[in-house]
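Breakdown of the fold
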Amino acid sequence: VQLQASGGGLVQAGGSLRLSCAASGRSFSNYAVAWFRQAPGKEREFVAAVRWRSGSTYYADSVKGRFTISGDKAKNMAYLQMNILKPEDTAVYYCASALGIIVSSIRIPSSYSYWGQGTLVTVSS
């Protein structure tokens, strides 16, 4: 599976952005898809994930209620709608995908086999 993330940019605090993740090579249907982010000097951290088969979604506490992960399986697309953005949301955002991931591993970057190239989100105060 090849992944390509897009949609990043510069936005003021309180604003919104929608990130997109396009998958090619295989269908998303049997995969879990996640978004991670990495700010300068920090480790990559989990943001949100969805397991397509069950439709279950998972969020980091820091984004719960502000971010929404969704997707279109027919188009092999995943999205991250980010609302009420804060300066601390500034980071490079990556989409990732994995087959057969278990719930207890869904927040762990090493659980994912496929990664997109990242898209930069900058939130100004």
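Going by the structure above, here's the rest.
On a predicted model such as this, the values are computed, not experimentally measured, just so you know. (Residues numbered from 1 in each chain as written. Predicted model: local features only at pLDDT ≥ 70, side-chain atom pairs only at ≥ 80, totals over all residues. Heavy atoms only, no water.)

1. Quick notes on the environment of glutamine 2
With respect to the helices and strands, glutamine 2 occurs in strand 1 (residues 2-6). Separated by 93 residues in sequence, glutamine 2 and cysteine 95 have C-alpha atoms that sit 10 Å apart. If near-sequence neighbours (up to four positions away) are discounted, glutamine 2 is found in contact with Ala22, Ala23, Ser24 and Gly25. (Helix = DSSP H or I, 4+ residues; strand = E, 2+ residues; numbered from the N terminus. Contact = heavy atoms within 4.5 Å.)

2. With respect to the side chain of arginine 37
Here arginine 37 is to be found in strand 4 (residues 31-38). When residues no more than four places from it in sequence are discounted, the contact partners of arginine 37 are Glu43, Arg44, Glu45, Val47, Ser62, Val63, Phe67, Glu88, Asp89, Ala91, Val92 and Tyr93.

3. Considerations on the packing of aromatic side chains
Taken as a whole and judged by the stated rule, the model has 6 aromatic pairs. Both rings, one in phenylalanine 36 and one in phenylalanine 46, keep their centres 5.7 Å apart while their planes meet at 75 degrees; by these two values the pair is edge-to-face. Of the two residues, phenylalanine 36 sits in strand 4 while phenylalanine 46 sits in strand 5 (residues 45-51), which places them 10 residues apart along the sequence. Residue class for phenylalanine 46 comes out buried when judged on its relative accessible area of 8%. Among the aromatic residues, ring-to-ring pairing joins Phe36, Phe46, Tyr94, Tyr112 and Trp115 into one connected group. Across from the ring centre of tyrosine 79, 4.1 Å away, lies the NZ or CZ of arginine 18, which sits over that ring. (Phe/Tyr/Trp six-rings, centres within 6.5 Å; stacked < 30°, edge-to-face > 60°. Buried < 20%, exposed > 50% of the residue type's maximum accessible area, 1.4 Å probe, protein only. Lys NZ or Arg CZ within 6 Å of the ring centre and 35° of its normal.)

4. A short note on the nonpolar core
Counting residues in each nonpolar core, the largest one holds 42 residues, and the members touching the most others are Trp35, Val47, Phe67, Leu80, Met82, Tyr93 and Tyr112. Looking at which element gives the most residues to this core, the answer is strand 4, with 6 residues. When near neighbours in sequence (up to four residues on either side) are disregarded, valine 47 contacts Trp35, Phe36, Arg37, Tyr58, Tyr59, Ala60, Val63, Phe67, Leu80 and Tyr93. (Core = buried A, V, L, I, M, F, W, Y, C linked by side-chain atoms within 4.5 Å.)

5. So, the pattern of salt bridges
Under the counting rule described, the total for this entry stands at 4 salt bridges. The partner of arginine 37 in a salt bridge is glutamate 45, with the nearest N and O atoms 2.6 Å apart. Looking at arginine 37, the relative accessible area reads 5%, which means it is buried. Glutamate 45 sits in the partly exposed class, given a relative accessible area of 34%. The partner of aspartate 89 in a salt bridge is arginine 66, and the shortest N-O contact between them spans 2.7 Å. With a gap of 23 residues between them, aspartate 89 in the loop between strand 8 (77-82) and strand 9 (91-99) and arginine 66 in the loop between strand 6 (56-59) and strand 7 (67-72) connect regions that are remote in the sequence. (Salt bridge = Lys/Arg side-chain N within 4 Å of Asp/Glu carboxyl O.)

Function cannot be inferred from these measures alone, as they are strictly geometric.
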